[in-house]
Amino acid sequence: MTTQAQQDMLAKVKNDVGFIAALDQSGGSTPKALKLYGVDESAYTNDEEMFTCVHQMRTRIMTSPAFNGERVLGAILFENTLDRDVNGLSSAAYLWQEKNVVPFLKVDKGLADEVNGAQLMKPMPGLDELLAKANAQNVFGTKMRSVVKLANKEGIDAVVAQQFEVGKQIIAAGLVPIIEPEVDIHSPEKAEAEALLRAAMMAELNALSADQFVMLKLTLPEEANFYLDCINHPQVLKVVALSGGYNRDTANQRLSENNGMIASFSRALTEGVSAQQSDDEFNATLDSAIEGIYQASAS
């Protein structure tokens, strides 16, 4: 950690109760996110207009009175959002200075094709430059996602090895990586895959030095409290859960059964909000969503 802001962010992430908002839909997932928000593809004609539309949606969320550091620990941003302003401040500065919400940056470039029942991350040739940009904006951490489809040890070991290898590069740049090896909720071998994943992650966590800290973002497990060893590991700041396609009620229920695990929901957070709502309706809907996720995270 280099700056006072990052020290304060570290203390908040370690000690406060709350959850992380995932506002990081990128090129591939943005049209779907906008459609759920009530903005059809006819509303934009190219990527730039699409990203402007999604930035308007994210700005509405971030500037809502319901969205602040009392219940929201952090927010994960897409690089395009990092490059834009909210109410006259850079997005990351707005989150921290105005809302007391810790900014994270999604750094992966998407998924490679499936091999051995898993999808590694595509290469990230410009990662060092991206991390320098994040540091310049007082971003606290990063997030990167891989996907596990089957209980294939070779595939899972490759995912975890890649995640931790890149994670160490991120740590060396002074940031905290959120390592996300998502297990597909529709996997026919979900519980078996989770057992292999936990073993591989614990081996990597045990190999970290005392000054190397990570966060983990994991699919809500089949067995409650399955990841307690990860949650209690001295090199893990927080274990956060992705909603992974579960609706909010199901995700909250599963989360509440996992002690010490907090939410990092995307679709489940924005479920029910729409561009057509008045500000009062929008804020009330968002407030209800945030409260439910906060309570499930506080278990």
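Located above this text is the structure these notes cover.
Residues numbered from 1 in each chain as written. Predicted model: local features only at pLDDT ≥ 70, side-chain atom pairs only at ≥ 80, totals over all residues. Heavy atoms only, no water.

A. Molecular detail of the packing of aromatic side chains. On inspection of all chains with the given rule, the structure shows 4 aromatic pairs. When the centroid spacing of 6.5 Å and the interplanar angle of 80 degrees are considered together, the rings of Tyr 37 and Phe 282 count as edge-to-face. Taken together, the residues Tyr 37 in the loop between α2 (30-36) and α3 (47-63) and Phe 282 in helix α12 (residues 279-297) connect sequence positions 245 residues apart. Residue Tyr 37 shares its accessibility class with Phe 282, and that shared class is buried. Here Phe 51 and Phe 78 contribute two aromatic rings whose centre-to-centre distance is 5.4 Å and whose plane-to-plane angle is 45 degrees, an arrangement assigned as tilted. Separated by 27 residues along the polypeptide, Phe 51 in helix α3 and Phe 78 in the loop between β2 (72-77) and α4 (79-82) bring together distant segments of the chain. Across the pair, exposure class does not vary: Phe 51 and Phe 78 are buried alike. Positioned above the aromatic ring of Phe 282 is the side chain of Arg 60, whose terminal nitrogen or guanidinium carbon lies 4.1 Å from the ring centre. (Phe/Tyr/Trp six-rings, centres within 6.5 Å; stacked < 30°, edge-to-face > 60°. Helix = DSSP H or I, 4+ residues; strand = E, 2+ residues; numbered from the N terminus. Buried < 20%, exposed > 50% of the residue type's maximum accessible area, 1.4 Å probe, protein only. Lys NZ or Arg CZ within 6 Å of the ring centre and 35° of its normal.)

B. Structural detail: the pattern of salt bridges. A complete count under the given rule lists 18 salt bridges for this structure. Across the pair Arg 71 and Asp 287 runs a salt bridge whose closest N-O atoms are separated by 2.6 Å. Taken together, the residues Arg 71 in the loop between α3 and β2 and Asp 287 in helix α12 connect sequence positions 216 residues apart. In this structure Arg 71 comes out as buried when scored by relative accessible area, which is 15%. The network of salt bridges with common partners includes Glu 79, Asp 83, Lys 109 and Lys 133. (Salt bridge = Lys/Arg side-chain N within 4 Å of Asp/Glu carboxyl O.)

C. Region of the structure containing the pairing of strand β5 (residues 102-106). Most of β5 is tucked away, with 5 of its 5 residues classed as buried. Going residue by residue along β5, you find Val 102, Phe 104 and Lys 106 tucked away on one face and Pro 103 and Leu 105 tucked away on the opposite face as well. Two elements, β2 and β5, share 4 bridges in a ladder whose sense is parallel. Within β5, the position partnered with Ala 75 by the bridge is Pro 103. Inspection of the sheet shows β5 paired to strand β7 (residues 141-148) by 3 bridges, in the parallel sense. Considered in β7, the bridge of Phe 104 is made with Gly 141. (Pairing = 2+ DSSP bridges.)

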